[in-house]
Amino acid sequence: MMDETQTRPEHAPEVPPGSRESLWLLVSGPTIWAAHFLLSYLAVSVWCAKVAGRAGPLGDIRIAIGVLTALALTGIALTGWGGWRRHRFGEATLPHDFDTPGDRHRFLGFSTFLLCGLSFVATVFVALSVVFIRSCE
Amino acid sequence: MTWREKDRWQRLFSTGAALSILLFSTGCERRQSALHPASVNAERIADLFWWMVGGGLIIWAVVMAIAFFATRAHPEAHGVRSARWLILGGGVAFPVVVLTGLLIYGLMLMPQLSSTADIDLEIDVAGEQWWWRVTYQTAAGEPVELANEIRLPVGQRALFRLTSPDVIHSFWIPPLGGKVDMIPGRTNTLVLEPTQTGTFRGACAEYCGSSHALMKFEVMVMEPDAFADWLNRQAQPAQPPQSESARQGQTAFLANGCGACHTVRGTEANGTLGPDLTHVGSRLSLGAGILPVDPEAFTRWIGHTGAIKPDVKMPSFGMLPEDQLPAMAQYLSELQ
C-alpha cells in the first residue's frame, strides 16, 4: 500500500493563479470568536447594570445575542469553508509540510479550517450561557 | 528483575502510598470538607464532582488501554485511516460531546445555586481583617450583630449578603456551599439551605493579609425552634456580671477603653470598630475560630493579642495589672 503522506514536492501543483498568501484568513475565525465573546459580555453587562438591575431578567438581550451568534457562526463557517477549499487544492494530501508555494497554500488553508472548527465550538459554548441563564442574578 | 530494581520499585511504592495517605487524610475532618455536603447546593456540587471523578477515571482507563494496545499488544505501524478516525473520534468528537454535556449541566445548575427566591432568613456578613462581622436581620426589625459565628436553622433558606470594608476576602463553608468573594464596594449574595444539623467550620478562602490563615468561624446548624431561641437570646442586652470577679472585670473593661472599639449592649461600651461582645461567652470560638471560649483563652488573647494573631488591629493588653486580666476574662466568659 502506498503511503499517502509521501507526496513529493515536484508533484505538488502550484498555487492557484492570482492568489496571494496572507495570514488574515488564518486569524479570522478566532477573531470572530473573540469579538462575539466581547460583544456578548459587554451587552449583558450594560443591560444588567443600566436596564434590568442586578436580579432582573436578561429578556430581549438574549435575542440580540442570538442574532449576534448566528452572524458570528455564519462568518466562522464561511471562513472555514474558504480554508477547506485551500486545503483541498491540488492532489497533495496531509501533512502539508513541504517548503513549496503549493503546500504553504494548503497548510494555511488546513490551519484556517481547524481554527474555525475550534472557534465555532467556542462561540456556541459562549452562546449556551444565555440559553440556560435567564437572569442577571 | 535485579535486587536493585526491586528496591527501587519498593521505594516508589512506599512513597506513593505515603503521599496518598497524606493527601486523603487532609480531607478527613467532615466539618470542613466539601466531600461531606450538608446543604442542598453543596449536595448538587458534590454530585457533579463525583460524576466528573468517575468520568475522568473511565477516560483515563480507556486512554491507558489504547496506549497499551498501540505500544504493547500491537506495536506494529497502524493504518493511516484508522489513526485518522481515532484522532477525529477521540480527539475531536468525544471531547466536544463531553465538554458540551458538562457545560450544559453546569449552566443548568447555576441558576438553581444563585436563586434568591423563597428566602426565610437574611444575614449580612462583612469580612474584615481578620474576623467576621455577622448581622442577622430579624422580623422585629432590629438587627442583631455578633461576630465570628453563624447559626442556621435546618431546612430553611438563608440569604447571605457578603461585603468587605477593607480588602478582598472570601466566604467559604465547605460542607454547605461554594465560596463567594467579599469585595469592597460590592455586595455579593449566597443562598444556603442546610439539610443536616451539626457544627461546621468556615474559613476565609482568599489571601487577605498576614493573619489570613487565622480568619475562621464556626457554623452551627440547629433545629428551627432552637435557632429561634438562640437568636432571641442574642437580641437581648448583656446580663449584668454575676460574680465579684466579673464585676471587677467589667469595671476594668470600661476603664481601660475597651468600649471604644467593642459593643456590649446594655453597658456604656458601644464601639463598632471591633467585634460585638454582648454574648461573646456563649460563642463556640474566640479570635475568629482560633481559640476555645474559656477564661484562660480570654486571658491569653487579651494579654498577647498580637502574638496570637499577627498584625491584628487590637493592641495587646499584657501591661495591665495582674489581677485585671483574669477579672476581665471572667467578665467576658460570663457574657452568655
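As the structure is a prediction and not an experimental result, all values here were calculated from the model. (Residues numbered from 1 in each chain as written. Chains lettered and ligands numbered in written order. Predicted model: local features only at pLDDT ≥ 70, side-chain atom pairs only at ≥ 80, totals over all residues. Heavy atoms only, no water.)

Visitor: Hey, could you go over the overall build of chain B for me, with residue numbers and the actual values?
Guide: For chain B, the helix and strand inventory stands at eight helices and 10 strands. Reported as C-alpha extents along the three principal axes, the dimensions of chain B are approximately 90 × 55 × 35 Å. Nonlocal contacts in chain B, meaning residues at least 24 apart in sequence, comprise 63% of its contacts between residues at least 6 apart. Across chain B, the centroid of the 25 positively charged side chains sits 13 Å from that of the 31 negatively charged ones. (Helix = DSSP H or I, 4+ residues; strand = E, 2+ residues; numbered from the N terminus. Contact = heavy atoms within 4.5 Å. Lys, Arg positive; Asp, Glu negative; His and termini not counted. Charge placed at Lys NZ, Arg CZ, Asp CG, Glu CD.)

Visitor: So what's going on with the state of the cysteines? Which residues, and what values?
Guide: Counted under the stated rule, the structure contains one disulfide over all chains. Disulfide partner of cysteine 48 of chain A: cysteine 136 of chain A, at an S-S distance of 2.0 Å. The sign of the S-S torsion, about -85 degrees, decides the handedness of the disulfide formed by cysteine 48 of chain A and cysteine 136 of chain A: left-handed. Of the two residues, cysteine 48 of chain A is situated in helix H1 (residues 24-52) and cysteine 136 of chain A in the segment after helix H3 (101-132); the sequence distance between them amounts to 88 residues. As a non-bridged cysteine, cysteine 204 of chain B has cysteine 208 of chain B as the owner of its nearest cysteine sulfur, 3.8 Å distant. According to the relative accessible area criterion, cysteine 204 of chain B is buried, its value standing at 8%. (Disulfide = S-S within 2.5 Å. Buried < 20%, exposed > 50% of the residue type's maximum accessible area, 1.4 Å probe, protein only.)

Visitor: Give me the lowdown on the pattern of salt bridges, citing residues and values where you can.
Guide: All names here are of chain B. All chains considered together, the criterion is met by 10 salt bridges over all chains. Linking glutamate 193 and arginine 157 is a salt bridge whose minimum nitrogen-to-oxygen distance equals 3.6 Å. One end of the pair, glutamate 193, is in the loop between strand E8 (188-192) and strand E9 (198-204); the other, arginine 157, is in the loop between strand E4 (149-153) and strand E5 (158-163), and 36 residues separate them in sequence. The residue arginine 201 makes a salt bridge to glutamate 218 at a minimum N-O spacing of 2.7 Å. Of this pair, arginine 201 sits in strand E9 while glutamate 218 sits in strand E10 (residues 216-222), and the two are 17 residues apart along the sequence. Taking relative accessible area as the criterion, arginine 201 reaches 13% and is therefore assigned buried. Bridged by salt links that share partners, the residues Arg31, Arg201 and Glu218 form one connected network. (Salt bridge = Lys/Arg side-chain N within 4 Å of Asp/Glu carboxyl O.)

Visitor: Please give an account of the interface of chain A and chain B that cites residues and values.
Guide: Every contact between the two is made by 10 residues of chain A and, on the other side, 17 residues of chain B. For the pair chain A and chain B, the summed buried surface comes to about 1,200 Å²; carbon and sulfur atoms form 68% of the total. Of all residues in chain A, Phe125, Phe132 and Glu137 of chain A give up the largest surface area on contact with chain B, accounting jointly for 45% of the area buried on that side. At the boundary of chain A and chain B, one finds zero salt bridges. Run the count over chain A and chain B and you get zero residue pairs in polar contact (both at pLDDT 80 or more). For the side of chain A that touches chain B, the per-class residue count stands at five nonpolar, one polar and four charged. (Buried area = accessible area lost by both parts, 1.4 Å probe. Polar contact = N/O pair within 3.5 Å; in protein donor to acceptor, adjacent residues only side chain to side chain. Nonpolar A, V, L, I, M, F, W, Y, C, P; charged D, E, K, R; others polar.)

Visitor: Explain the packing of helix H2 (residues 40-73) of chain B against helix H3 (residues 80-114) of chain B residue by residue, including any values.
Guide: Residues and elements named next belong to chain B. In the contact formed by H2 and H3, the axes pass within 11 Å of each other and the chain directions differ by 175 degrees. Between H2 and H3, the angle falls in the class roughly antiparallel. Each of Asn41, Arg44, Ile45, Leu48, Met52, Ile59 and Ile66 in H2 lies in contact with H3, whose residues at this interface are Leu86, Phe94, Leu102, Tyr105, Leu109, Gln112 and Leu113. Its residues assigned to classes, the contact of H2 with H3 shows 11 nonpolar, two polar and one charged. (Axes fitted to C-alpha atoms, helices over the stretch in contact; angles between N-to-C directions. Parallel < 35°, antiparallel > 145°, perpendicular 65-115°, else oblique.)

Visitor: Would you mind going over unusual backbone geometry in detail, with residue names and values included?
Guide: Residue and element names in this part refer to chain B. The residue after glutamine 129, namely tryptophan 130, is reached through a cis peptide bond having omega -5 degrees. Tracing the backbone through its elements, the reader meets tryptophan 130 in the loop between strand E1 (121-128) and strand E2 (131-137). Look at aspartate 118: it is not a glycine, yet its phi comes out positive at around 55 degrees. Tracing the sequence through the fold places aspartate 118 in the loop between H3 and E1.

Visitor: Break down the packing of aromatic side chains for me, with residues and values.
Guide: If you walk through the whole model with that rule in mind, you get 11 aromatic pairs over all chains. Summarising the aromatic geometry, the rings of tryptophan 84 of chain A and phenylalanine 113 of chain A are spaced 4.9 Å apart at their centres and angled 50 degrees between planes, so their arrangement reads as tilted. Of this pair, tryptophan 84 of chain A sits in helix H2 (residues 60-87) while phenylalanine 113 of chain A sits in helix H3, placing them 29 residues apart in sequence. On the basis of relative accessibility, which here comes to 32%, the residue phenylalanine 113 of chain A falls in the partly exposed class. With a centroid separation of 5.1 Å and an interplanar angle of 70 degrees, the aromatic rings of phenylalanine 49 of chain B and tryptophan 50 of chain B are classed as edge-to-face. Residue phenylalanine 49 of chain B is classed as partly exposed on the basis of its relative accessible area of 38%. In this structure tryptophan 50 of chain B comes out as partly exposed when scored by relative accessible area, which is 47%. (Phe/Tyr/Trp six-rings, centres within 6.5 Å; stacked < 30°, edge-to-face > 60°.)

Visitor: Explain the nonpolar core residue by residue, including any values.
Guide: Residue and element names in this part refer to chain B. Within the largest apolar cluster, 35 residues are counted, with the highest numbers of intra-cluster contacts made by Val125, Tyr136, Ile150, Leu152, Phe160 and Phe171. With five residues, E10 is the largest single contributor of residues to this core. Of all hydrophobic cores here, the second largest spans 24 residues; its members include Cys258, Ala269, Phe317 and Leu332. (Core = buried A, V, L, I, M, F, W, Y, C linked by side-chain atoms within 4.5 Å.)

Visitor: Residue-level account of the UniProt feature "domain: Cytochrome oxidase subunit II copper A binding" (unreviewed entry) in chain B, with values.
Guide: What UniProt calls "domain: Cytochrome oxidase subunit II copper A binding" (unreviewed entry) maps, in this numbering, to residues 118-233 of chain B. As annotated, residues 118-233 of chain B comprises 9% helix and 48% strand, and the C-alpha atoms at either end are separated by 26 Å. (UniProt positions renumbered as here; feature names shortened; annotations may be inferred.)

Visitor: Break down the pairing of strand E6 (residues 169-172) of chain B for me, citing the residues and quoting the values.
Guide: Residues and elements named next belong to chain B. Two strands pair when backbone bridges link them, and E6 and strand E7 (residues 180-182) are joined in this way by three bridges, in the antiparallel orientation. When the bridges of E7 are listed, phenylalanine 171 appears paired with valine 180. Examined bridge by bridge, E6 and E9 share two bridges and lie antiparallel to one another. Residue pairing in the sheet places phenylalanine 171 in a bridge with cysteine 204 of E9. (Pairing = 2+ DSSP bridges.)

Visitor: I'd like a description of the UniProt feature "transmembrane region" (unreviewed entry) in chain A, backed by residues and values.
Guide: Residues and elements named next belong to chain A. In this numbering, the UniProt entry assigns the feature "transmembrane region" (unreviewed entry) to residues 23-49, 61-84 and 107-133. Secondary structure within residues 23-49 divides into 96% helix and 0% strand; the distance between the first and last C-alpha atoms comes to 38 Å. What you have in residues 61-84 is 100% helix and 0% strand, and the ends, taken at the C-alpha atoms, are 34 Å apart.

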